[in-house]
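# What the coordinates show
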Amino acid sequence: MTTLAPPGSPTPATGQRRRAGLLWYVALAVGLAIGLFSFGYQLSAGLTVTGLTNTVTWGLYIVLFMFLVGVSAGGLIVVAGGELVGSHQLESLNRLAVIVSGTAVAAAAVSIIPDLGRPWLAWHMMVGPQWMSPLVWDMAVISIYLAIAGVDLWILTRPEPMARWLRIMAVVTLPVAVLVHSVTAWIFGFLVARPFWNTAILAPLFISSALVSGTALVLIVAWVVRRVSTWDPPAHVFTDLAKLLAWFVAVDFFLLLAELVTAYTSQTAYHLAPLEMLFGGRQAPLFWGQLVLGVVLPFLVYVNPRLRTRMGLLVGAATLSVLGVFAKRVNILMPGMYEPQIALPPGVPAGRADQTFELGALYVPTWVEYGVVVGILAFSATLITVGVRRFVIPRSDGS
Amino acid sequence: MRDTDVLGSLLAGDDPNEGAPVAVERTSAIEALPPRSRAWGEIDVRSDTPRWGMLVDTERCIGCWSCAVICRSENDVALGMWWNRILTDGDDLDTPTVGAHGQLEMAWLPLACQHCDDAPCEKVCPTAATYTNDEGVVMVDADRCIGCRYCMAACPYGVRVFNWGEPEKAPGVTEGMVHARPVGSVEKCSLCVHRLAEGQEPSCVVSCPAQARIFGDLNAPDSRINQLLRDRGGDQLLKEKGTEPKVRYLPPRRRRSL
Ligand code: SF4
Ligand code: SF4
Ligand code: SF4
């Protein structure tokens, strides 16, 4: 995304901007093409072309889904939260924030499709839903959330201000936002089969991580749009976002710590197995890396008044936060998947014709999975680009 | 079919009445089996509203994998998948644990779907493709399964398998007694539901050379499974998960040592 900004020119000349814009569109098209090709290949061959097995049945696609649902929190909460506490500090970000949120939630819905073995039957979920399933609840709240983002955007783009409606929407948005993240957490949290997921803290943890990644992404997108266009929000919005982020990161870290300490002090094998994987096992590099690079480092930037006013540092910190939350999703999913409840040899049937059994096999995503993810990210970036051009950048710009 | 053909022609060759039609010989060869053997596959006492259950006697199990293998051919289970498998409780597959008094110990745990009364896989399935039939058997309707694999994440026993690609068979194998499941759907032990409909016990029960599997109607007080459950109890795997399996295990009364 940052490739959009030609180096060293805060107000680039129109011609230069056109060229950068063109390059950006070419990049998006290539990304979409990679995604469509990978997905088409997977459709024709089956999920056998992914790295998933009967042990690790959910992988990169589900991580992306959790992540995108989370990212969608930022925008709507910036708008609704500000409205509810009567703060107009971040008002200039409203449209941009709603576009980022709406895009993320749409992309989350899309990201479930490649994970299905038979996506062409997905309509069964709508025609004959089984209401006990958290997956069905999630489909419902995600649809509502998407509708809310649409209505919000419509209200924000009317020529005459509709303050009263914005207020009403804010009252509706916050509970739905809390529900979206909670229900997404409960997809995992309700499973007695997965000790690491089966904890009450999962829903609050999903909300706090969502706030971190969502707000950080709004900050990054705002910075990019400001660099490449004539849109110029007041400078204080970035420091305001940084202050918010400091709180969000702290709470997010606290909730994780509370869970880990509780699980660790229990000293039961049941709780310890996933922790060992995080502290010293195969997830350790990602776990410690995320703590240092994705939590501590960005936090230092957000809390320090001298550091957070330096744009480069702030955007770098926000990027680390977003990547950190992605890593955190991986670290929640994988220990849950890797630990079968009955782990006796020879293990679980691996699933491919040329394989037998496996016990504790490593999950490595294939190029097909990465390709599909690239496609979904390109899809999101396209929606954001179109939305921002249409609704955020002042018309007089001529673009 | 193929096996009886071979048997039939062998008997025809040995028969002093040369020229008799092979089909007649074949029938009489099967008829000649002792009645006790023929009755083996039949379900014993059953009530009007059966609730099927299975009991695995881990004292009798010799870890031979017969039940696992016959399950594959009965149900046309594709290569790379198993609905039923035998786990080894030792240090590793071929390494016994050293027990309390320096004795070597090893035990087997045959594992397939536990047909939970409170089945987590059924609760999470978004399309009701996984359901419990009138006789307590947890089933997967392949026509409704969208392949989300939520049930696999939810099952504490890890007994479900997914058709990652087009199901493949070993060379020369045609098909089992039921249709193969389509690519992209989930499958698992069906308690041989097609055999139950004919009053026959599941394949793995019939094929067990140690008679370690006892199948029957949990609603019929006099069924053998109920008698054994009364006499010797029957453990549920991962009981603390509250899934209430209808497959029970009899613990070894004497630890098997080598
Ligand atoms: S053992 Fe697993 S697949 Fe079988 S009924 Fe129980 S939860 Fe479902
Ligand atoms: S994979 Fe099929 S059976 Fe399993 S939860 Fe999804 S739709 Fe239901
Ligand atoms: S009951 Fe039938 S399907 Fe189930 S394990 Fe036994 S042979 Fe396989």
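Source: prediction; values computed, not measured.

## A short note on the overall build of chain A
- Within chain A one finds 13 helices and 2 strands.
- Computed over its C-alpha atoms, the radius of gyration of chain A comes to 22 Å, within 12% of the 21 Å expected for a compact globule of 399 residues.
- Summarising its shape, the C-alpha atoms of chain A cover approximately 70 × 50 × 45 Å along the three principal directions.
- Looking at chain A as a whole, 56% of its 399 residues are labelled buried.
- Relative to all contacts within chain A whose residues are 6 or more apart in sequence, the contacts with residues 24 or more apart total 77%.
- Carbon and sulfur atoms make up 71% of the accessible area of chain A, which amounts to about 16600 Å² in all.
- Looking at charge distribution, chain A has the averaged site of its 22 positive side-chain charges lying 11 Å from that of its 16 negative ones.

## Examining a nonpolar patch on the surface
- Where nonpolar side chains cluster on the molecular surface, the patch consists of V292, L293, V296, L297, L300 and V303 of chain A and spans about 490 Å² of accessible area.
- Looking at the secondary structure, you find V303 of chain A in helix α10 (residues 284-303).

## Here's the deal with the environment of R158 of chain A
All names here are of chain A.
- In this structure, R158 sits in the loop between α5 (134-156) and α6 (163-189).
- Take R158: its relative accessible area is 27%, and that puts it in the partly exposed class.
- For the pair R158 and M126, spaced 32 residues apart in the sequence, the C-alpha separation amounts to 33 Å.
- At a separation of 3.5 Å, a polar atom in the side chain of R158 contacts the side chain of T157.

## Thoughts on the pairing of strand β2 (residues 85-89) of chain B
Residues and elements named next belong to chain B.
- Burial within β2 is extensive, with 4 of its 5 residues counted as buried.
- Inspection of the sheet shows β2 paired to strand β5 (residues 107-111) by 5 bridges, in the antiparallel sense. The residue of β5 that forms the bridge with L87 is L109.

## Things to note about the environment of A177 of chain A
- Note that A177 of chain A resides in helix α6.
- For A177 of chain A and I144 of chain A, which are 33 residues apart along the polypeptide, the C-alpha to C-alpha distance reads 9.7 Å.

## Notes on the site of ligand 3
Residues and elements named next belong to chain B.
- All residues adjacent to ligand 3 are C71, N75, W83, N84, A112, C189, S190, L191, C192, P202, S203 and C204.
- Mapped by element, the contributors of at least two residues to the shell around ligand 3 are α4 (66-75) and α8 (203-207).
- Looking at the shell around ligand 3 residue by residue, the class counts come to 8 nonpolar, 4 polar and no charged.

## Side note on the site of ligand 1
- Taken together, 14 residues lie near ligand 1, and C113, C116, C121, C155 and R160 of chain B sit nearest.
- Each residue belonging to the shell around ligand 1 can be placed in one class, and the counts come to 10 nonpolar, 2 polar and 2 charged.

## A closer look at the pattern of salt bridges
- Going through the model one piece at a time under the given rule, you end up with 10 salt bridges over all chains.
- The closest approach of N and O atoms between D115 of chain A and R149 of chain B, which form a salt bridge, is 2.8 Å. Pair noted here: D115 of chain A is in the loop between α3 (94-112) and α4 (124-127) and R149 of chain B is in the loop between β7 (138-140) and α6 (150-154), and the two residues belong to different chains.
- By relative accessible area, D115 of chain A is classed as buried at 3%.
- Overall, the relative accessible area of 1% leaves R149 of chain B in the buried class.
- A salt bridge links D252 of chain A to K328 of chain A; its shortest N-O distance comes to 2.7 Å. Placement of D252 of chain A in helix α8 (residues 236-266) and of K328 of chain A in helix α12 (residues 311-338) is noted, with a sequence separation of 76 residues between them.

## Some points on the interface of chain A and chain B
- Across the contact, 51 residues belong to chain A and 49 residues belong to chain B.
- The contact between chain A and chain B buries some 3900 Å² in all, and 63% of this surface belongs to carbon and sulfur atoms.
- The largest contributions to the chain A side of the interface with chain B come from R118, I342 and P345 of chain A, which together make up 17% of the buried area.
- In this structure, the connection of chain A to chain B is made through 1 salt bridge.
- The interface formed by chain A and chain B includes 27 residue pairs in polar contact (both at pLDDT 80 or more).

## Describing the packing of helix α2 (residues 60-84) of chain A against helix α7 (residues 202-228) of chain A
All names here are of chain A.
- For the pair α2 and α7, interaxial distance at closest approach is 6 Å and the crossing angle is 65°. Here α2 lies roughly perpendicular to α7, going by the angle between them. Considering how the two elements wind past one another, α2 and α7 form a crossing that is right-handed. For the pair α2 and α7, the contacting residues are M66, F67, G70, V71, A73, G74, G75 and I77 in the first and F206, A210, L211, S213, G214, T215, L217 and V218 in the second.
- A per-class count over the contact of α2 with α7 returns 10 nonpolar, 6 polar and no charged.

## Notes on the pairing of strand β1 (residues 52-57) of chain B
Residues and elements named next belong to chain B.
- The element β1 is extensively covered by neighbouring structure, given that 6 of its 6 residues are classed as buried.
- A two-sided burial pattern is seen for β1, the buried positions comprising W52, M54 and V56 on one face and G53, L55 and D57 on the other.
- The pairing of β1 with strand β11 (residues 247-250) spans 4 bridges and is classified as parallel. Counted as the bridge partner of L55 is R248 from β11.

## Things to note about the confidence of the model for chain A
- Summing up the model confidence of chain A, the mean pLDDT is 91 and the portion of residues at 70 or higher is 95%.
- Note that residues 1-10 of chain A has pLDDT below 50 and, in this model, 18 contacts with residues that lie over four places away or in other chains.

## Quick look at the packing of aromatic side chains
- Under the counting rule described, the total for this entry stands at 19 aromatic pairs over all chains.
- With a centroid separation of 5.1 Å and 70° between ring planes, the pair formed by F67 of chain A and F326 of chain A is classed as edge-to-face. Note that F67 of chain A is positioned in helix α2 and F326 of chain A in helix α12, a separation of 259 residues in sequence.
- On the basis of relative accessible area, F67 of chain A is assigned to the buried category, the value being 9%.
- F326 of chain A sits in the partly exposed class, given a relative accessible area of 23%.
- Through a chain of ring-to-ring contacts, the aromatic side chains of W58, F188, W197 and F206 of chain A together with Y150 of chain B assemble into a single cluster.
- Sitting over the ring of W197 of chain A, R194 of chain A keeps its end group 6.0 Å from the ring centre.

The rules behind each value
Residues numbered from 1 in each chain as written. Chains lettered and ligands numbered in written order. Predicted model: local features only at pLDDT ≥ 70, side-chain atom pairs only at ≥ 80, totals over all residues. Heavy atoms only, no water. Helix = DSSP H or I, 4+ residues; strand = E, 2+ residues; numbered from the N terminus. Rg over C-alpha atoms; globule rule 2.2 N^0.38 Å. Buried < 20%, exposed > 50% of the residue type's maximum accessible area, 1.4 Å probe, protein only. Contact = heavy atoms within 4.5 Å. Areas by Shrake-Rupley, 256 points an atom, 1.4 Å probe, with all protein chains shown as cover. Lys, Arg positive; Asp, Glu negative; His and termini not counted. Charge placed at Lys NZ, Arg CZ, Asp CG, Glu CD. Patch = residues over 30% accessible without salt bridge, like charges linked within 9 Å, V, L, I, M, F, W, Y side chains within 5 Å. Salt bridge = Lys/Arg side-chain N within 4 Å of Asp/Glu carboxyl O. Polar contact = N/O pair within 3.5 Å; in protein donor to acceptor, adjacent residues only side chain to side chain. Pairing = 2+ DSSP bridges. Near = heavy atom within 4 Å. Nonpolar A, V, L, I, M, F, W, Y, C, P; charged D, E, K, R; others polar. Buried area = accessible area lost by both parts, 1.4 Å probe. Axes fitted to C-alpha atoms, helices over the stretch in contact; angles between N-to-C directions. Parallel < 35°, antiparallel > 145°, perpendicular 65-115°, else oblique. Left-handed = near helix turned anticlockwise from the far one by under 90°. pLDDT = per-residue confidence, 0-100. Phe/Tyr/Trp six-rings, centres within 6.5 Å; stacked < 30°, edge-to-face > 60°. Lys NZ or Arg CZ within 6 Å of the ring centre and 35° of its normal.

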